[in-house]
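These are the residues of each chain, in order.
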Amino acid sequence: MAKVAMKVNGKSVSREVEGRTLLVQFLREDLRLTGTHVGCDTSQCGACLVHVNGEAVKSCTMFAAEADGAEVTTIEAMANDDGSLNTVQQAFQDYHGLQCGFCTPGMVMSATALLKDNPKPSEREIREYLQGNICRCTGYHNIIKAIMAASGQDVASVAAE
Ligand code: FES
Ligand code: FES
């Protein structure tokens, strides 16, 4: 067991963890932040995506101990301060960018990271960026529209399904 300390959603936390504990397990099981999902065991789906020191990271690919001292942000911290949906979340709702919602936390975290680096991505850039996020319901079309809309761009040009 080793002690890890990090800031999660702006709050300092510390726990004893086993060396093999993944960051996603730490978030879900130790901190009960269950908005971060586990959708595969092959590091492919992106449902577990969080931000570590501002960078998008699949939290199933990192040990909790490796995040010692880091700042971690999960979907639970993405809403506006008044609890309303933020721009990206609202766009997912407005453009029906989700169905079952299982992939959605990872999609929102991924989209947010993309827009931080590239505030007006093209449709192709969005599709390429989301290659690490699997959605088993939507066919991606409305997710792309939502991200275009969240970045203030016209969604009419998004290629038809
Ligand atoms: S659970 Fe991490 S990529 Fe699927
Ligand atoms: S909305 Fe169901 S997996 Fe994406």
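Residues numbered from 1 in each chain as written. Chains lettered and ligands numbered in written order. Predicted model: local features only at pLDDT ≥ 70, side-chain atom pairs only at ≥ 80, totals over all residues. Heavy atoms only, no water.

Q: Mind laying out the environment of Val108, listing which residues take part and the relevant values?
A: For Val108, the position within the fold is in helix α3 (residues 104-117). In the structure, Val108 is positioned 39 residues away from Ile147 in sequence and 8.9 Å away in space, judged by C-alpha atoms. (Helix = DSSP H or I, 4+ residues; strand = E, 2+ residues; numbered from the N terminus.)

Q: Hey, could you go over the nonpolar core for me, with residue numbers and the actual values?
A: Looking at soluble globular proteins, one finds that nonpolar side chains tend to be buried together. In terms of nonpolar packing, the biggest core is built from 24 residues, with Val88, Phe92, Met107, Ile126, Leu130, Ile143 and Ile147 touching the most fellow members. Taken together, the elements giving at least two residues each to this core come down to α2 (87-94), α3 and α5 (141-150). If sequence neighbours within four positions are ignored, Met107 has contacts with Phe92, Leu130, Asn133, Ile134, Cys135, Tyr140 and Ile143. Counting 18 residues, the second-largest nonpolar core is a separate cluster that includes Val8, Leu23, Phe26 and Val50. (Core = buried A, V, L, I, M, F, W, Y, C linked by side-chain atoms within 4.5 Å. Buried < 20%, exposed > 50% of the residue type's maximum accessible area, 1.4 Å probe, protein only. Contact = heavy atoms within 4.5 Å.)

Q: Tell me what's going on with the side chain of Thr36, and back it up with residues and numbers.
A: Along the polypeptide, Thr36 turns up in the loop between α1 (23-30) and β3 (49-52). What makes Thr36 buried here is its relative accessible area of 1%. Setting aside chain neighbours within four positions, we find Thr36 in contact with Val24, Leu27, Arg28, Ala47, Cys48, Val50, Ser59, Thr74, Ile75 and Glu76.

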